[in-house]
Amino acid sequence: MSTFRVCQNSAAAMLAYTEITGDYRRNGIKSRTYAIKQRGLISMLRQREFRSPEADKAFACKWLDNDRILVGTKDNKLLEINVNSKYGNIREIRRPIDPPRNFSTQNTGWGSCGIHSMDITPSGDLLATGGTDAADCVVLRTSDYSPVTTLIGHRDWLFGNAWVSDRHLVTGSRDRAMALWTINPDENIGLPPTVQEYNYHSPQMKKKYEGKVREVKYDRDLRLVVGLGTEGVVKLHDPNLGLRVLRTLTIPNARELVSMAVRQDLVAVGGLSRVCLLDPRKRDPDAVVHEIASPDPSEGIRSICISNDLVSFGTGKGKIAFFDLRASNCLSIDAEPGEEMPPRPPTPAPPATDAANTADQGGGGGGGLASLLALSRFEYGHQPNQVLQLMRNELDEDEEALDALPAPKPRHYLETGPGWVQENATYFSYFGGRRVHHACYAHAWDPSGTRLFACGGPLAFGLSGGYMALWE
């Protein structure tokens, strides 16, 4: 029996699973029970969309508390959504304008890349996210979103940031550099926000990668900064030694590495057609211990999240899959309520002569129970035993016909909803009224681990639109 089926039963299944695994490591029985409940919840998740047609492609999200989540978009908007209200109660958070500087940042003819990353301090008092200029990072107070400081120095778009402590932040950019910043929010209470600037060649900002830095995470168990490079490497940095590289892990045949998640003994990296699981403790440069095939092999893995022993990942075609690390398999998801089931085969019609007799007497010639009652009146002379036998035979034939129908295949993923799409020239030229699948660019479990927020938008360049939903 699969882990998914076992987890559908509540208390007995939890006890059985704990006895089978016999594992009480790290977080104890409470963590194991929590993980089992989370697995069982997945089959019951239903999405509730929040629509904001003025926002384009949600790239990042972060839970602020149990009721509110922050979302960053391609058109460089920072949104706060109250998920407990029916329509999300969406509001935009203003950030300080980009300060003057003596250097230029990456600029394109089609505008900004938007907000790709955000993180909150362990104490929950500060938020770090993209600035008005996509190469900057701004720090805001979570209590009222008042600005603390703007961090400038990167020459290209900011793709990752992570808090090392309540006052130390690491950023990574497409300019191949990482930087370590010190934040002092108590210095400017009641004063205008400050500006911190690093020279591109300063000791605090170092060019560590041959390719672009695509993601930055901090592992609080190993106390190491983990960076993802587009050249196919994962590097472990020591923040106490000026971001010195302690170890480099390579990913063979890496293509389109854009997402990463970490925990103490695992690094999950998303590529074009697979999720690679790496062991950061291995000394061997090739630290890949397992690969998970994507349900959309050519659309890329756009987001990854690790929650206990469950790895969830979103694809460029709007699928969200869940991989159970203990069962080493993707969880199955039952058909959603309202989905069409195979039609029931029609009841076999009685012989023509019997039907004609029935029709003549007003009993209806459609077969089924009415025709059987008519047959009992004329052919069997009110013999109830023979009527009941005919009814049993007919029901048996129906059940055999249903058993012969192919059973619906179990799904191994959730799918993003319709969201919203701007019907511009690109839409009419290349899609012509067809459905546009929204890529899942980001998703995150809420603090309770029982609700999943997912967001994204059209994958195709030139299309505008978005998708934001709470799975609960």
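Reading the values: the criteria
- Residues numbered from 1 in each chain as written.
- Predicted model: local features only at pLDDT ≥ 70, side-chain atom pairs only at ≥ 80, totals over all residues.
- Heavy atoms only, no water.
- Helix = DSSP H or I, 4+ residues; strand = E, 2+ residues; numbered from the N terminus.
- Buried < 20%, exposed > 50% of the residue type's maximum accessible area, 1.4 Å probe, protein only.
- Areas by Shrake-Rupley, 256 points an atom, 1.4 Å probe, with all protein chains shown as cover.
- Phe/Tyr/Trp six-rings, centres within 6.5 Å; stacked < 30°, edge-to-face > 60°.
- Lys NZ or Arg CZ within 6 Å of the ring centre and 35° of its normal.
- Core = buried A, V, L, I, M, F, W, Y, C linked by side-chain atoms within 4.5 Å.
- Contact = heavy atoms within 4.5 Å.
- Pairing = 2+ DSSP bridges.
- Axes fitted to C-alpha atoms, helices over the stretch in contact; angles between N-to-C directions.
- Polar contact = N/O pair within 3.5 Å; in protein donor to acceptor, adjacent residues only side chain to side chain.

**Observations concerning the overall build of the protein chain**
Each helix and strand in the protein chain was counted, giving 7 helices and 31 strands. The buried share of the protein chain, taken over its 472 residues, is 52%. On the protein chain, roughly 22500 Å² of surface is accessible, and the fraction owed to carbon and sulfur atoms is 50%.

**With respect to the packing of aromatic side chains**
Per the counting criterion, the structure on display carries 4 aromatic pairs. Between Phe59 and Tyr441, the aromatic rings sit 4.9 Å apart at their centres with planes inclined by 85°, giving edge-to-face as the arrangement. Of this pair, Phe59 sits in strand E2 (residues 58–63) while Tyr441 sits in strand E29 (residues 438–445), and the two are 382 residues apart along the sequence. This pair shows no difference in class: Phe59 is buried, exactly as Tyr441 is. Considering the side-chain rings of Tyr427 and Phe431, the 6.4 Å spacing of their centres and the 15° angle between planes classify their relative orientation as stacked. Joined through ring pairs, the aromatic side chains of Tyr427, Phe428 and Phe431 make up one cluster. Stacked on the ring of Tyr413, the Lys or Arg Lys319 has its end atom at 5.2 Å from the ring centre.

**Quick notes on unusual backbone geometry**
Despite not being glycine, Asn76 has its phi angle at roughly 65°, a positive value. In this structure, Asn76 sits in the loop between strand E3 (68–73) and strand E4 (78–82). In this model, Ser328 sits at a positive phi of 55°, which is unusual for a non-glycine residue. Along the chain, the position of Ser328 falls in the loop between strand E25 (319–324) and strand E26 (329–330).

**As for the nonpolar core**
Counting 17 residues, the largest nonpolar core has Cys61, Val71, Ile81, Phe453 and Met468 as the members making the most contacts within it. Taken together, the elements giving at least two residues each to this core come down to E2, E3, E4, E29, strand E30 (452–458) and strand E31 (465–471). For this core, the leading source of residues is E2, giving 3 residues. Among residues more than four places away in sequence, those in contact with Cys61 are Ile69, Leu70, Val71, Met118, Ala442, His443, Ala444, Phe453 and Cys455.

**Quick look at the sheet that holds E4**
Taken in spatial order, the 4 strands of this open sheet run E2-E3-E4-E5, and their pairing is antiparallel. The two strands at the open ends of the sheet, each matched to only one other strand, are E2 and strand E5 (91–93). Each strand of the sheet is rotated relative to its neighbour by a mean of 30°, with strand direction disregarded.

**Side note on the side chain of Arg302**
Within the secondary structure, Arg302 is located in strand E23 (residues 301–307). Here Arg302 falls in the buried class, since its relative accessible area comes to 19%. Reaching out from Arg302, the side chain makes a polar contact with the backbone oxygen of Glu299 at a distance of 3.0 Å.

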